[in-house]
Amino acid sequence: MLDEEVSMQHRSFGKLEWKPSALGFGAMRLPTIGDDPAKIDEELATRMIRTAIDAGVNYVDTAWPYHREQSEPFVGRCLQDGYRDRVRLATKMPVWLIEKPADFDRYLDEQLKRLRTDRIDFYLLHALNAKRWPSIRDLGVFDWAERAIGEGRIGYLGFSFHDDLATFKTIVDAYDWTFCQIMYNYMDVDFQAGTEGLRYAAAKGLAVVIMEPLRGGSLTQPAPKPVEKLWASADTQRSQADWALQWLWNQPEVSLCLSGMSTMQHVEENVASAERSGVGTLNHEELGLIDRVREAYRALSPIPCTDCKYCQPCPSGVAIPEIFSTYNNAMMYGDHARHRTSYNRFMEAEKRADNCVECGQCESVCPQQIEIIDWLKKAHAFLAESPAS
């Protein structure tokens, strides 16, 4: 049970006076019935979200595609009985579906119906990257958003992001955003926006919402022996999830951490972690320990790829650094099914390793002298297996 004597910690949210709870509830990994992501276990999921809100969580995040488009309707039902008034609600426009300016209103109006509300407090342009950003910008999204804000249908505009640091800075600088949402955790300090992007956005006055603080659960998997020994050496013992979350909350630029909780145990443990959180909670030795854990994980990567991208573009279109990253992560964290799913379902077929024609151009320019052709064969043989293998 949650400790009623301890109160939720609150943090700053960019330029706004409103204070978010340190922990936000992400409705992307809700409990399901069987293995069908569209069949949310509504009784359990409702108890989980309401338990979190009763404990002080005041930010709930969802999106159009989550749970095969069932997350928004569920959240709308879950936040009845007075719970909608106790939280700030965030959802995201599916920018990949926007083909003409009229689509902005079409999707927002449908989301308002799904969520059973007349206002989205924090509205994000979902998963912006270098490809999607120019098209959504040129369709007039900012003029549309200003009208929607003036009409009270959305409160504040932000964006979520998946691309490189340069693209992130370009988007940050393009508009007077209220907030952004980035993937960030103690392993991904140099990935996508990373630490530099976090600080860049915060310095511009944006609130920064963190997604994937536990790297999709990878940072809670049974640790490999070298990492396990490091955690065991700490003077203060914490769960792996608590270490990861406290590392984020230790940084003043972090506005809140979203957690996609799947069980009531996740809710109880994460709320307890949030109640203990704060800037400066970790001491110098503990921060150094996390740095050593990061390096211990990285030492387990079989392919010494530094993501320099000298091998790009591949004449055959193979996404060499992305494939190597997926393979390395599977080896580092042991979550094979998750990374096979990422490779088979989310990577475009023409970018996979089996498109390599062994021309050797990549190997001639690789500063790490990686035997790229052989590693692509090994990576594909492993990743192309069924996710259930």
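Residues numbered from 1 in each chain as written. Predicted model: local features only at pLDDT ≥ 70, side-chain atom pairs only at ≥ 80, totals over all residues. Heavy atoms only, no water.

Chemist: Even after reading the chapter, I still don't get unusual backbone geometry, so can you show me in this structure?
Modeler: Across the chain, the bulk of peptide bonds are trans and the bulk of non-glycine residues have phi less than zero. In this chain, glutamine 312 is followed by proline 313 through a cis amide linkage whose omega measures 0°. Positive phi outside glycine occurs at arginine 68, with the angle close to 50°. Checked against the element boundaries, arginine 68 lands in helix α2 (residues 66–69). In this model, glutamate 69 sits at a positive phi of 70°, which is unusual for a non-glycine residue. (Helix = DSSP H or I, 4+ residues; strand = E, 2+ residues; numbered from the N terminus.)

Chemist: Looking at this structure, I do not really get the pattern of salt bridges. What am I missing?
Modeler: Between side chains of opposite charge, a pair can form as their charged atoms come close. Inspection of the entire model under this criterion finds 31 salt bridges. Linking arginine 50 and aspartate 81 is a salt bridge whose minimum nitrogen-to-oxygen distance equals 2.9 Å. Linking arginine 50 in helix α1 (residues 42–54) with aspartate 81 in the loop between α3 (71–78) and β3 (88–93), this pair joins segments that are 31 residues apart in sequence. Looking at aspartate 81, the relative accessible area reads 64%, which means it is exposed. The residue glutamate 69 makes a salt bridge to arginine 114 at a minimum N-O spacing of 2.9 Å. (Salt bridge = Lys/Arg side-chain N within 4 Å of Asp/Glu carboxyl O. Buried < 20%, exposed > 50% of the residue type's maximum accessible area, 1.4 Å probe, protein only.)

Chemist: Help me out: how do you make sense of the environment of glycine 216 in this one?
Modeler: With respect to the secondary-structure elements, glycine 216 resides in the loop between β7 (207–211) and α9 (225–232). Apart from the residues lying within four places of it in its own chain, the contact partners of glycine 216 are Arg29 and Arg338. (Contact = heavy atoms within 4.5 Å.)

Chemist: Is there a simple way to explain the packing of helix α10 (residues 240–249) against helix α12 (residues 284–298) in this structure?
Modeler: Helix-helix packing is described using two parameters, namely the angle between the two axes and the distance between the axes. Where α10 contacts α12, the axes come no closer than 11 Å and their chain directions differ by 115°. Classed by the angle they form, the pair α10 and α12 counts as roughly perpendicular. Where α10 crosses over α12, the handedness of that crossing is left-handed. On α12, the residues that touch Gln240, Trp243 and Trp247 of α10 are Glu286, Leu287, Leu289, Ile290, Arg294 and Tyr297. Considered class by class, the residues forming the contact of α10 with α12 number six nonpolar, one polar and two charged. (Axes fitted to C-alpha atoms, helices over the stretch in contact; angles between N-to-C directions. Parallel < 35°, antiparallel > 145°, perpendicular 65-115°, else oblique. Left-handed = near helix turned anticlockwise from the far one by under 90°. Nonpolar A, V, L, I, M, F, W, Y, C, P; charged D, E, K, R; others polar.)

Chemist: Hey, could you run me through the sheet that holds strand β6 (residues 179–183) in this one?
Modeler: The strands that make up a sheet are held in pairs by hydrogen bonds between backbone atoms, and each pair lies either parallel or antiparallel. Read around the barrel, eight strands follow the order β1-β2-β3-β4-β5-β6-β7-β8 and close on themselves; strand pairing throughout is parallel. In this sheet, adjacent strand axes meet at a mean angle of 30° when their direction is disregarded. Sheet analysis places strand β5 (residues 154–161) next to β6, joined by three bridges and oriented parallel. Pairing of glycine 158 across the sheet is with phenylalanine 179, part of β6. (Pairing = 2+ DSSP bridges.)

Chemist: Would you mind going over α3 with me for this structure?
Modeler: Within α3, seven of the eight residues are buried, which leaves it mostly tucked inside the rest of the structure. Buried within α3 we find Ser71, Glu72, Pro73, Phe74, Val75, Gly76 and Cys78. Buried residues in α3 make contact with α1, β2 (59–61), α2, β3 and α4 (102–114).

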